[in-house]
Amino acid sequence: MSYAYLFKYIIIGDTGVGKSCLLLQFTDKRFQPVHDLTIGVEFGARMITIDGKQIKLQIWDTAGQEAFRSITRSYYRGAAGALLVYDITRRETFNHLTTWLEDARQHSNSNMVIMLIGNKSDLESRREVKKEEGEAFAREHGLVFMETSARTAANVEEAFINTAKEIYEKIQEGVFDINNEANGIKIGTVSTPTNPSIGSNLPGGQSSNSCC
Amino acid sequence: MFNRLKNRVLTSIVPDIPSITPSPSYSIGRPLPDKFQYQRPPFLQLLTPDELKASADHNVRPIIVPRDVGIMPFSCGYAECVNSGKSEWNEDQAAFSMNVLHHPSKDFPDLPYVYFGIFDGHAGYGAALAASLQFHHILHEKLVDIIELLLPTNVNETPPMFPLMFHKTVSKDELIIGALESSFYDMDAVLAEDRTKYRNAGGCTSVVTLFILGKMYVANAGDSRAILSQRLSKEMIKMQNDKPYPNGTKCDSDDYQVIATPFSFDHTPDTERGRILSLGKVHPDLMGGEYLAMEYAKKPMTKDLGTRILYKTGNMKGWTYKTLTKEDLKMPIVTGEGKRSRLLGTIGVTRGFGDHDLRALGSGLLIKPFLSCHPEIVYRDLSLIISLPDDNNIDGEYGILIMGTDGLWDVLENETVARITFETLKKYPNEKHRYTMVAQELVAKSRGRANDSGHWRLSDLKAPATVDDISVIVIPVYQYYKEFCEWEKKFFEAQQRREALRNNSNNKNSNNKNKQQAMPTATTNGNVSLNKIVENIDDDDEDDEVQEAKEENSEISDEIDKAIEKLNLNDGNSEEPTESTA
Ligand SMILES: Nc1nc2c(ncn2[C@@H]2O[C@H](COP(=O)(O)OP(=O)(O)O)[C@@H](O)[C@H]2O)c(=O)[nH]1
Ligand SMILES: [Mg+2]
């Protein structure tokens with residue numbers, strides 16, 4: 001399938017907040033209660049439509065543990081959007097947001113759109129972080145905010161799509177240098193029968209090396 | 001732009017090779033298809049094109065590790081990372097295979113073995129991909145071929161008689177080494193054959209480790225590398241005083257030293273100068289009158305014509321004088337030094353698979369005759385390793401085998417790799433994915449970080465990191481050895497039970513017993529013992545006799561087999577024993 005733009009996202013936040021579940025809910029529309037611990041990085045992708053344009057989201061789901069922090073840092077580079085996730089039932093994941101945000105701001109390009117997500121909104125009875133606290137944090141740091149549930153899918157679509165809308169607006173405003181792929185945005189290739197987008201067209205190695 | 005240029009220097013083959021002379025099928029019809037579509041090693045489970053694309057992000061160079069450590073043999077570690085843009089896809093590949101060899105006599109447990117391979121591709125991903133998907137099948141066939149020689153088939157034969165006496169003395173090691181060597185030849189031949197049907201696959205290096213019968217065999221062709229990282233107590237090092245370890249580096253405490261032992265040797269035009277110059281000297285036709293099989297102490301210049309110059313040729317170890325003539329102004333067959341050396345001015349690696357159609361820059365001469373697919377093999381008998389009880393250092397004593405492509409070794413010394421290995425293991429003492437963490441750390445260290453202008457630098461942000469693809473396998477050797485010891489125990493138990501049963505059965509049937517004594521060289525399962533094989537080589541007529549022996553013996557063997565089946569000694573193998581060919 002062809003797309004007008006490809007946006008690269010990174011999902012960050014403490015381990016266990018539901019990053020991998022959010023990705024799975026968004027890409028596969030399902031919830032997997034027991035998810036393997038993410039080691040390193042995993043990828044997901046989905047096509048969405050904004051303003052009548054097909055936009056492909058390529059999402060990098062990272063490992064949250066401290067041990068992976070320095071490797072995760074190297075992935076901010078080249079992301080146009082970040083979902084910063086905490087767990088509304090675990091106060092410490094909210095407390096760590098400042099560290100995450102500092103990391104993200106320091107290692108990403110300054111235009112990266114950051115969406116703050118309070119996940120597990122279905123667990124109202126175990127809530128430790130009030131919605132207002134999330135809102136306040138977002139306001140203070142200039143982030144977009146949303147509470148989601150990877151389990152019930154509440155607001156999951158919106159979280160990913162609203163982030164894309166912000167990025168799209170920034171492109172329209174000319175804020176992003178879309179010709180530099182390191183900014184996490186790629187202009188799509190127009191699909192023709194001889195040039196379908198990646199997948200049906202995994203090119204041969206020899207041709208990539210020999211000059212023509 | 002600058003980065004582009006530099007990449008070209010660093011890559012093992014100059015990337016802009018002039019288009020390879022098209023074969024007829026290539027130029028007339030449509031381009032030939034890929035034999036295998038691009039993919040990453042299956043154990044990474046990067047299944048969709050989107051995931052493949054994301055994993056090959058040249059700006060970010062994500063470090064990919066297996067999602068599920070559980071599918072890796074011995075929880076071994078693996079990590080990889082794509083190049084910074086010199087080729088669209090990651091041209092490294094890796095593979096492992098855990099398999100068993102069925103014992104010819106079904107009453108014995110199958111012999112397990114484990115294989116790991118790393119392949120660094122150039123001029124395309126095809127050869128490395130083919131090797132990663134096919135090599136283990138070839139190797140398996142070779143091992144199946146020799147299983148009867150590796151294990152005893154006769155109960156009277158404990159321990160197995162080794163070395164084997166054919167006309168020549170043959171040891172088990174030589175059989176396994178031969179299986180590896182011939183697998184290398186066959187893999188290269190497969191790539192040669194595929195040229196007419198599929199798109200040119202390019203070439204690749206190959207380093208392969210086989211764990212079998214309690215030993216570790218490392219076979220290498222090319223400039224990928226394997227080292228054994230060990231962490232030994234000073235006490236232990238003293239015990240092995242005859243073998244001093246000059247390369248030891250200090251570890252976490254003064255009581256231990258970390259040691260890196262090479263298990264392979266890089267094959268570059270520089271390290272293989274002797275082989276290549278000899279070949280050129282004996283077969284000057286291969287150089288098409290364009291190159292010289294000479295090495296000069298000083299670059300020959302026109303202005304020096306007629307003066308004397310020091311040179312080497314063929315396999316010479318030392319230098320000698322000659323008078324410089326116009327002939328000496330031609331290009332030497334090997335140029336440059338070390339990692340930057342080039343064969344026929346084109347390629348920086350001199351062994352591996354493929355490259356059947358690779359031609360030299362400028363001259364267009366075929367390079368393949370100078371390349372070799374012959375592996376050098378280093379092996380270690382793990383039963384000889386001394387381990388101190390209760391010192392909680394089993395990984396240190398048996399060692400961690402690190403296999404990696406040159407992306408790793410170009411920027412990290414063997415000793416540094418060994419040190420990082422044990423530092424990382426110490427950080428993760430119990431985690432199941434601790435070996436993955438080692439692999440990830442090694443890739444992270446050699447990839448480094450991109451600075452503000454997008455150049456990859458080591459952690460100090462000064463020295464250049466590698467821009468090449470990087471792949472690393474981290475194998476805890478003891479984990480294999482432990483499994484082998486369990487197998488060995490089962491094997492000897494099966495052997496003893498079988499012997500006991502046979503004695504019982506012989507007592508019951510004295511008639512059979514007599515036959516048995518008359519035919520001491522035929523085994524219970526109709527297989528022919530080694531003595532018989534030796535005789536057969538001398539006299540083909542004996543075949544009939546052996547056949548008779550087999551038939552007469554099948555009665556007894558049937559009875560025994562039934563009894564064994566009843567007792568369920570054969571480890572779940574309830575099928576009828578099949579006749580195996582002697
Ligand atoms: N009730 C509830 N549980 C969730 C939700 N999202 C994730 N979880 C659970 O939280 C745990 C951690 O999720 P995971 O996606 O692996 O977290 P990650 O480490 O951030 O990737 C898992 O047991 C999930 O089942 C949610 O929205 N609601
Ligand atoms: Mg996760």
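Keep in mind that this is a model prediction, so the values were computed, not measured. (Residues numbered from 1 in each chain as written. Chains lettered and ligands numbered in written order. Predicted model: local features only at pLDDT ≥ 70, side-chain atom pairs only at ≥ 80, totals over all residues. Heavy atoms only, no water.)

## Some remarks on the overall build of chain B
Then, number 1: Across its full length, chain B carries 15 helices and 24 strands.
Then, number 2: At a minimum sequence separation of 6, the contacts of chain B that also span at least 24 residues come to 70%.
Then, number 3: Surface accessibility of chain B: about 25500 Å² in total, with carbon and sulfur atoms responsible for 51%. (Helix = DSSP H or I, 4+ residues; strand = E, 2+ residues; numbered from the N terminus. Contact = heavy atoms within 4.5 Å. Areas by Shrake-Rupley, 256 points an atom, 1.4 Å probe, with all protein chains shown as cover.)

## Some remarks on the site of ligand 1
Residues and elements named next belong to chain A.
Then, number 1: Not every one of the 18 residues close to ligand 1 is listed here, only the nearest: Gly16, Lys19, Pro33, Asp122 and Ala150.
Then, number 2: Taking glycine 16, its main chain carries an N or O atom lying 2.7 Å from an oxygen atom of ligand 1.
Then, number 3: Within the side chain of lysine 120, one N or O atom sits 2.9 Å away from an oxygen atom of ligand 1.
Then, number 4: Within the complex, 85% of the 580 Å² of free accessible area of ligand 1 lies under protein.
Then, number 5: Each residue belonging to the shell around ligand 1 can be placed in one class, and the counts come to six nonpolar, seven polar and five charged. (Near = heavy atom within 4 Å. Polar contact = N/O pair within 3.5 Å; in protein donor to acceptor, adjacent residues only side chain to side chain. Nonpolar A, V, L, I, M, F, W, Y, C, P; charged D, E, K, R; others polar.)

## As for the nonpolar core
Then, number 1: Counting 141 residues, the largest nonpolar core has Leu210, Ile212, Phe353, Leu401, Ile402 and Leu442 of chain B as the members making the most contacts within it.
Then, number 2: Among the elements that make up this core, the one with the highest residue count is helix α4 (residues 126-150) of chain B (13 residues).
Then, number 3: Setting aside residues up to four positions removed in sequence, isoleucine 402 of chain B forms contacts with Arg225, Ala226, Ile227, Ser229, Leu408, Trp409, Val417, Thr421, Leu442, Val472, Ile473 and Val474 of chain B.
Then, number 4: One finds Phe7, Val17, Leu83 and Tyr168 of chain A within the second-largest nonpolar core, a separate group that totals 32 residues. (Core = buried A, V, L, I, M, F, W, Y, C linked by side-chain atoms within 4.5 Å. Buried < 20%, exposed > 50% of the residue type's maximum accessible area, 1.4 Å probe, protein only.)

## Examining the state of the cysteines
What makes a disulfide is a covalent bond joining the sulfur atoms belonging to two cysteines.
All names here are of chain B.
Then, number 1: Scanning the entire structure with this criterion turns up zero disulfides over all chains.
Then, number 2: Of all cysteine sulfurs in the structure, the one in cysteine 76 sits closest to cysteine 81, which takes part in no disulfide; the separation is 19 Å.
Then, number 3: Residue cysteine 81 is classed as buried on the basis of its relative accessible area of 0%. (Disulfide = S-S within 2.5 Å.)

## Section: the coordination of the magnesium ion (ligand 2)
The reference angle at a metal is 109.5 degrees if four donors form a tetrahedron and 90 or 180 degrees if six donors form an octahedron.
Residue and element names in this part refer to chain A.
Then, number 1: Coordination of the magnesium ion (ligand 2) by the protein is provided by Ser20 (OG) and Thr38 (OG1), with metal-donor distances spanning 2.1 Å. Here the residue serine 20 occupies a position in helix α1 (residues 19-28), and threonine 38 occupies one in the loop between α1 and β2 (41-50), the gap between them amounting to 18 residues.
Then, number 2: In this structure serine 20 comes out as buried when scored by relative accessible area, which is 12%. (Donors = N, O, S within 2.8 Å, 3.2 Å for Na, K, Ca; no water.)

## Overview of the packing of α1 of chain A against helix α6 (residues 156-172) of chain A
Residue and element names in this part refer to chain A.
Then, number 1: The contact between α1 and α6 brings their axes to 9 Å, and the two run at 85 degrees. What the angle tells us is that α1 and α6 run roughly perpendicular. Residues Leu22, Leu23, Gln25 and Phe26 of α1 lie in contact with α6, whose contacting residues are Val156, Glu157 and Phe160.
Then, number 2: Of the residues contributing to the contact of α1 with α6, the split by class is five nonpolar, one polar and one charged. (Axes fitted to C-alpha atoms, helices over the stretch in contact; angles between N-to-C directions. Parallel < 35°, antiparallel > 145°, perpendicular 65-115°, else oblique.)

## Some details on the sheet that holds strand β15 (residues 320-323) of chain B
Residues and elements named next belong to chain B.
Then, number 1: One open sheet accounts for three strands, arranged β13-β14-β15; its pairing is antiparallel. Two strands lie at the open edges of the sheet, namely β13 (294-296) and β15, each paired on one side alone. Along the sheet, successive strands turn relative to each other by an average axial angle of 50 degrees, direction set aside.
Then, number 2: Strand direction decides the pairing type here: β13 and strand β14 (residues 308-313), joined by three bridges, are antiparallel. Bridging across to β14, tyrosine 296 finds its partner in tyrosine 311. (Pairing = 2+ DSSP bridges.)

## Some thoughts on the packing of aromatic side chains
Then, number 1: Across all of its chains, the model carries 29 aromatic pairs over all chains by this definition.
Then, number 2: Ring geometry for phenylalanine 26 of chain A versus phenylalanine 160 of chain A: centroids 4.0 Å apart, planes at 5 degrees, classification stacked. Residue phenylalanine 26 of chain A is found in helix α1, and its partner phenylalanine 160 of chain A is found in helix α6; the two are separated by 134 residues along the sequence. For the pair formed by phenylalanine 26 of chain A and phenylalanine 160 of chain A, the shared burial category is buried.
Then, number 3: Grouping aromatic residues by their ring pairs yields a cluster made of Phe74, Phe108, Phe116, Phe211, Tyr398, Tyr478, Tyr480, Tyr481, Phe484, Trp487, Phe491 and Phe492 of chain B. (Phe/Tyr/Trp six-rings, centres within 6.5 Å; stacked < 30°, edge-to-face > 60°.)

## Observations regarding the environment of phenylalanine 108 of chain B
All names here are of chain B.
Then, number 1: By secondary structure assignment, the location of phenylalanine 108 is in the loop between β2 (92-101) and β3 (111-122).
Then, number 2: Sequence separation between phenylalanine 108 and arginine 498 is 390 residues; the distance between their C-alpha atoms is 9.1 Å.
Then, number 3: In contact with phenylalanine 108, not counting residues within four places along its chain, are His103, Phe491, Ala494 and Gln495.

## Notes on the confidence of the model for chain A
Then, number 1: On average, chain A scores 88 in pLDDT, and the residues at 70 or more come to 89%.
Then, number 2: Within the model, pLDDT remains below 50 along residues 191-212 of chain A, and this stretch shows 49 contacts once partners closer than five positions in the same chain are excluded. (pLDDT = per-residue confidence, 0-100.)

## Considering the packing of α4 of chain B against helix α5 (residues 172-194) of chain B
Describing two packed helices takes the angle between their axes plus the distance from one axis to the other.
Residues and elements named next belong to chain B.
Then, number 1: Close contact between α4 and α5 brings their axes to 8 Å; oriented N to C, the two are set at 145 degrees. As α4 packs across α5, the resulting crossing turns out to be right-handed. The segment α4 lies against α5, with Ala127, Ala130, Ala131, Gln134, Phe135, Ile138, Leu139, Lys142, Leu143, Ile146, Leu149 and Leu150 engaging Lys172, Leu175, Ile176, Ala179, Leu180, Ser182, Ser183, Phe184, Asp186, Met187, Val190 and Leu191.
Then, number 2: Across the contact of α4 with α5, the residue classes break down as 18 nonpolar, three polar and three charged. (Left-handed = near helix turned anticlockwise from the far one by under 90°.)

## Concerning a nonpolar patch on the surface
All names here are of chain B.
Then, number 1: Nonpolar side chains collect at one region of the surface, where Leu310, Trp319 and Tyr321 lie side by side and expose about 290 Å² of accessible area between them.
Then, number 2: Relative to the helices and strands, tyrosine 321 resides in strand β15.
Then, number 3: Tyrosine 321 gets classed as partly exposed once you look at its relative accessible area, which sits at 44%. (Patch = residues over 30% accessible without salt bridge, like charges linked within 9 Å, V, L, I, M, F, W, Y side chains within 5 Å. Salt bridge = Lys/Arg side-chain N within 4 Å of Asp/Glu carboxyl O.)

## A word on the pairing of strand β3 (residues 53-62) of chain A
Residue and element names in this part refer to chain A.
Then, number 1: A large share of β3 lies buried, amounting to eight of its 10 residues.
Then, number 2: Bridge count between strand β1 (residues 5-12) and β3: seven bridges; the pairing is parallel. Residue pairing across strands places leucine 6 opposite lysine 56, the latter belonging to β3.
Then, number 3: Taken together, the 10 bridges between β2 and β3 define a ladder with antiparallel strand orientation. For glycine 44, the partnering residue across the bridge sits in β3 and is isoleucine 59.
Then, number 4: Hairpin connection, β2 to β3: the antiparallel pair is bridged by two residues, and aspartate 51 has positive phi, about 55 degrees.

## Considerations on α1 of chain A
All names here are of chain A.
Then, number 1: Of all the 10 residues making up α1, eight are buried; the element is thus mostly covered by neighbouring parts of the structure.
Then, number 2: Within the sequence span of α1, burial applies to Lys19, Ser20, Cys21, Leu22, Leu23, Leu24, Gln25 and Phe26.
Then, number 3: Note on α1: the residue one or two positions beyond its end, lysine 29, has a positive phi of about 55 degrees.

## Observations concerning the pattern of salt bridges
Then, number 1: This structure, assessed with the given rule, holds 39 salt bridges over all chains.
Then, number 2: Two residues, glutamate 327 of chain B and lysine 330 of chain B, come together in a salt bridge whose shortest N-O distance is 3.1 Å.
Then, number 3: A single salt-bridge network, built from bridges that share partners, covers Asp87, Arg90, Glu92 and Lys120 of chain A.

## Digging into the environment of glycine 134 of chain A
All names here are of chain A.
Then, number 1: Residue position: glycine 134 is located in helix α5 (residues 131-141).
Then, number 2: Overall, glycine 134 belongs to the buried group, its relative accessible area being 0%.
Then, number 3: If near-sequence neighbours (up to four positions away) are discounted, glycine 134 is found in contact with Tyr86, Phe94, Leu116 and Phe145.

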